[in-house]
Each structure stands twice: as C-alpha cells, then as structure tokens.
Amino acid sequence: MTVQVSRSSKFMTLERHINEGEHLHPQATGQYSGLLKGLSLAAKLVWREVTKAGLVNILGTTDRMNISGDVIKKLDEFADQTIYRMMDHLGYLCVMASEENEDLLHIPDDYPSGKYVLLFDPLDGSGNIDADVTIGSIFSLYQRVTSSGKPTLRDVLQPGNRQVGAGYILYGPSMMFVYCTGHGVHGFTFDPSVGEFLLSHENIRIPAQGSIYSMNEGNYGGWDPAMQRYSRWIKETDPATGRPYSSRYIGSLVADVHRTLLYGGIYCYPGDSKNPGGKLRLMYENNPLAFIVEHAGGAATNGSERTLDIQPASLHERAPFFVGSRENIRIVTEFLNGTRKE
Ligand code: P6P
C-alpha cells in the first residue's frame with residue numbers, strides 16, 4: 001500500500017528553512033543561521049523543563065528579585081541560564097542582554113566573539129507557570145555598532161527598527177517557534193516524535209482588522225481619560241462587522257500577541273497613573289513582537305510613536321504597547337491623540 005502524502009503538505013524543518021533562507025542574505029556568513037539553530041536548541045531544553053514543571057519540585061520561587069521587580073520563578077532562572085549558555089560559545093554573538101539580568105551579559109574572554117547582539121526575555125508570562133498557562137521566550141537580534149573591542153551599551157540600546165531578526169517560542173499545548181529575519185513571518189510546530197520543528201504556519205499575515213481586544217481592564221482606574229474612552233468605545237458594536245468585539249486576555253504577553261497575530265485585533269498594555277511607561281519592557285518584549293507583527297502586515301505603537309522608532313535610553317525601560325491589526329491600531333491611535341472621542 002503506498003502512503004498518499006497530500007501535495008499541499010511541505011515537510012520543511014526549521015533547520016532547512018533557515019539554511020534555505022541564507023540565500024536571501026547575500027552577505028550571509030552562516031553566523032546568522034547558526035544563531036537561530038542555537039536558539040531552537042535552547043528552546044527544546046527549556047521546553048523539556050517547562051513541560052515537567054508540574055511534576056518535579058521546580059516550582060516555587062527563589063528569593064532573588066530581578067531588576068524589573070518581578071519575583072523570579074525557578075524556571076525563569078533555568079531558562080535565562082540555558083539560553084545564555086547555549087549561545088555564549090558559538091562565536092556569533094559579541095554581547096547579550098536579558099530581561100532577568102540588570103547588566104550586559106558579556107561573552108567569556110576564552111570564547112570567540114561575533115557580530116550579532118542578542119536580547120531576550122527568557123520566560124515571558126512566568127507568573128502563569130504554576131497555573132500551566134502558555135508562556136514563552138522572546139528574542140531580538142541586532143548587529144553590533146561599535147567596530148571592535150568590548151561591546152558597550154551602544155551596541156545594545158538600538159531602536160527596534162535596527163533589528164535584523166526577532167521571534168518567540170511558545171510553550172503551550174504544543175511548542176511553537178515563530179521567527180522573522182525580514183522575509184516574512186514563519187511558524188514551526190515541534191514534533192516530539194522526530195525532535196524537529198516543522199513548518200506549520202508559512203508567511204503569517206495578520207488580518208487588516210480584527211474583532212478581539214486584549215487588555216487588563218483591572219487597570220482601568222489608572223488609565224488616562226483617552227484610554228478610558230477607548231475601552232468604553234470598544235465594548236460597543238464593532239463598526240466593521242456590526243457585531244460586538246470579543247475580549248480575550250491570557251495575561252501572558254507572548255500568547256496574547258500570538259493569538260492577535262493569527263486572528264487579528266488588538267493587544268494593549270497602556271501606561272497608567274502609577275507607571276506612565278506601563279509594565280512591558282521595550283527591548284525584550286515590545287520591540288521583538290512589534291518587528292514580528294509589522295512584518296506580518298500589522299502595526300505597533302506606544303500611543304504616539306511607532307514602537308520600532310523609539311530610541312531606548314536604558315536597558316530595562318518600559319513603554320506602553322499597542323500592537324495588532326492596522327485598522328485597530330489606527331483607531332486606538334485616534335483615541336489616544338484626542339482626534340477621536342467615540
Ligand atoms: P498584568 C508577564 O509578567 C507580563 O510581562 C506579560 O507576559 C503579561 O502580558 C503581563 O505581564 C501581564 O501583566 O498586569 O496584566 O498581570
């Protein structure tokens with residue numbers, strides 16, 4: 001009996017996709033491909049721990065607080081160290097920075113240094129670890145700007161429009177690796193039976209307009225009047241469809257943005273009276289996710305400026321984040337700049 005494989009299925013692994021993508025970059029030296037492969041291996045190691053978190057005594061919290069004031073969970077530390085250790089000796093990076101570490105993460109002197117800069121949020125949504133909710137890792141790639149010597153903050157504090165790549169890994173019902181190097185956004189789903197990420201979402205495009213909004217409305221009292229007006233407006237009928245919007249909020253940024261990327265709509269994390277910059281970190285969360293969503297045809301802003309154009313002033317600065325379908329972003333921007341009241 002011959003096995004019929006449908007013509008439409010493409011058995012494309014992440015590794016082959018990365019290799020084939022090299023021809024799109026004439027100056028490719030293989031460093032970039034090696035980088036992405038290193039990240040996919042790190043993802044598998046993190047996923048192995050995340051999937052058994054409920055079974056071993058890895059839950060609970062450490063007594064260390066990270067720079068952003070979140071209580072670190074043991075899985076956070078494991079993910080942070082795993083990504084650093086998987087990437088530090090490959091010779092592709094000159095420096096790293098992690099949401100979980102106050103200072104730059106330099107490459108050990110006895111390891112070769114490369115031309116790329118890696119920023120990462122090792123385990124976004126970690127507050128959900130104990131509830132077995134989808135969490136993820138987010139990464140952002142730049143090229144160094146200093147010509148030689150020990151990399152400095154100048155190499156890291158670059159606006160998001162200078163990214164050469166970005167992506168995230170979702171640890172959920174399945175593990176997904178979503179990335180973009182400037183030529184489309186592509187999603188791969190992990191098949192544990194072969195140990196490979198297989199192409200499952202080729203050239204993802206976000207709908208131009210969506211009817212799902214995602215925000216933590218518990219913060220309503222601290223929002224400015226324009227944001228409060230927008231959050232009331234969005235509960236009325238969606239003019240594009242004549243039907244009401246749906247509210248969806250997982251509380252895990254990488255999962256909320258992934259759903260927005262696939263289904264359309266808008267994710268909002270505004271600033272408030274206590275935290276004008278909001279909660280999300282520009283370098284480790286907003287920029288890489290904005291890069292992905294823009295390359296899928298969407299948009300991202302801090303309410304007044306394109307997220308990717310923000311010139312960062314510090315490694316862990318926060319910025320309000322509105323990301324999603326172009327039409328939804330256009331509408332929220334009109335409310336926030338005062339040109340629209342309803
Ligand atoms: P809130 C997780 O710590 C995180 O940074 C994002 O993953 C998530 O979207 C957000 O915080 C949730 O914040 O204030 O809604 O609990």
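This one's a predicted model, so the numbers in the text were calculated from it and none came from an experiment. Within any chain, residue numbers begin from 1 and follow the written order of that chain's sequence. Two thresholds apply to this predicted model, a pLDDT of at least 70 for residue-level local features and 80 or more for giving and counting side-chain atom pairs, whereas whole-chain, interface and lining totals are computed over all residues. As a rule here, side-chain values cover all heavy atoms of the structure and leave hydrogens and water aside.

Think of it this way: any DSSP run of H or I at least four residues long counts as a helix, any run of E at least two long counts as a strand, and we number them from the N terminus. Of the regular secondary structure elements, the protein holds 8 helices and 17 strands. C-alpha atoms define the radius of gyration, and 2.2 Å times the number of residues to the power 0.38 defines the globule rule. Here the protein has a C-alpha radius of gyration of 20 Å; the compact-globule value for 342 residues is 20 Å, and the two agree. Overall size of the protein, expressed as C-alpha extent along the three principal axes, is 60 × 60 × 45 Å. Counting only contacts in the protein whose residues sit at least 6 apart along the sequence, the fraction spanning at least 24 positions is 62%. Surface exposure here means Shrake-Rupley accessible area, sampled with a 1.4 Å probe, where a residue is shielded only by the protein chains that are shown. When the accessible area of the protein is evaluated, it comes to approximately 15,100 Å², of which 51% is carbon and sulfur surface. A residue counts as positive if it is Lys or Arg and as negative if it is Asp or Glu; His and the chain ends are not included. We put the charge of a Lys on NZ, of an Arg on CZ, of an Asp on CG and of a Glu on CD. The protein carries 32 positive and 38 negative side-chain charges, and their two centres are separated by 4 Å. Residue contacts follow a heavy-atom distance rule, with two residues in contact if any of their heavy atoms lie within 4.5 Å.

Another aspect to go through is the side chain of Thr-260. With respect to the helices and strands, the residue Thr-260 is situated in helix α6 (residues 253–263). We classify Thr-260 as buried; its relative accessible area is 3%. Those residues within four positions of Thr-260 in sequence are excluded, and the remaining contacts are Ile-206, Gly-265, Ile-266, Tyr-267, Val-323 and Gly-324. A 1.4 Å probe rolled over the protein chains alone gives each residue an accessible area, and that area as a share of the maximum for its type sets the label: buried under 20%, exposed over 50%, partly exposed in between.

Below, the discussion takes up the pairing of strand β8 (residues 175–180). The element β8 is extensively covered by neighbouring structure, given that 6 of its 6 residues are classed as buried. Alternating residues of β8 divide into Met-175, Phe-177 and Tyr-179 and Met-176, Val-178 and Cys-180, and every residue in both groups is buried. In this description, strands pair whenever DSSP reports at least two bridges between them. As paired strands, strand β7 (residues 165–171) and β8 are joined by 6 bridges and run antiparallel to one another. Bridged to Tyr-171 within β8 is Met-175. Between the end of β7 and the start of β8, which pair antiparallel, lie 3 residues. Remark: 4 residues form the turn of the hairpin made by β8 and strand β9 (residues 185–191), two consecutive strands paired antiparallel; Gly-182 in that turn has positive phi of roughly 105°.

What follows deals with unusual backbone geometry. Although it is not a glycine, Asp-132 adopts a positive phi angle of roughly 60°. Looking at the element boundaries, Asp-132 is found in the loop between β5 (116–124) and β6 (135–143). Unusually for a residue other than glycine, Asn-203 sits at a positive phi of about 50°. The residue Asn-203 is located in the loop between β10 (196–201) and β11 (212–214) in this model.

Moving on, we get to the pattern of salt bridges. Any carboxyl oxygen of Asp or Glu within 4 Å of a side-chain nitrogen of Lys or Arg constitutes a salt bridge here. Here the structure, examined in full by the defined rule, presents 12 salt bridges. The partner of Arg-16 in a salt bridge is Glu-20, and the shortest N-O contact between them spans 3.6 Å. Separated by 4 residues within a single helix, Arg-16 and Glu-20 lie in helix α1 (residues 14–21), roughly one turn from each other. The class of Arg-16 is partly exposed, set by a relative accessible area of 41%. What emerges from the salt-bridge pattern is a single network uniting Glu-327, Arg-330, Glu-334 and Arg-340.

Another aspect to go through is the packing of aromatic side chains. What counts as a ring pair is set by centres within 6.5 Å for rings of Phe, Tyr and Trp (its six-membered ring), and what kind of pair is set by the plane angle: stacked under 30 degrees, edge-to-face over 60, tilted for all other angles. Per the counting criterion, the structure on display carries 14 aromatic pairs. When the ring of Trp-233 is compared with that of Phe-335, the centres are 5.4 Å apart and the planes differ by 45°; the resulting orientation is tilted. Here Trp-233, found in helix α5 (residues 225–233), pairs with Phe-335, found in helix α8 (residues 326–336); they are 102 residues apart in sequence, far enough to count as distant. For Trp-233, a relative accessible area of 6% translates into the label buried.

Surrounding the ligand, one finds 13 residues, the nearest of these being Asp-124, Asn-216, Tyr-249, Leu-253 and Tyr-269. Between an oxygen atom of the ligand and a side-chain N or O atom of Tyr-267, the distance comes to 3.2 Å. N or O atoms within 3.5 Å of each other form a polar contact, as long as, within protein, one can give a hydrogen and the other can take it, and as long as residues adjacent in sequence are counted only when both atoms are side-chain atoms. The separation between an oxygen atom of the ligand and a polar side-chain atom of Tyr-269 is 2.5 Å. Coverage of the ligand by the protein amounts to 82% of the 400 Å² it exposes when considered alone. A class-by-class count of the residues in the shell around the ligand yields 5 nonpolar, 4 polar and 4 charged. Residues are classed as near a molecule or strand on a simple rule: at least one heavy atom within 4 Å of it. Charged means Asp, Glu, Lys or Arg here, nonpolar means Ala, Val, Leu, Ile, Met, Phe, Trp, Tyr, Cys or Pro, and polar covers whatever is left, Gly included.

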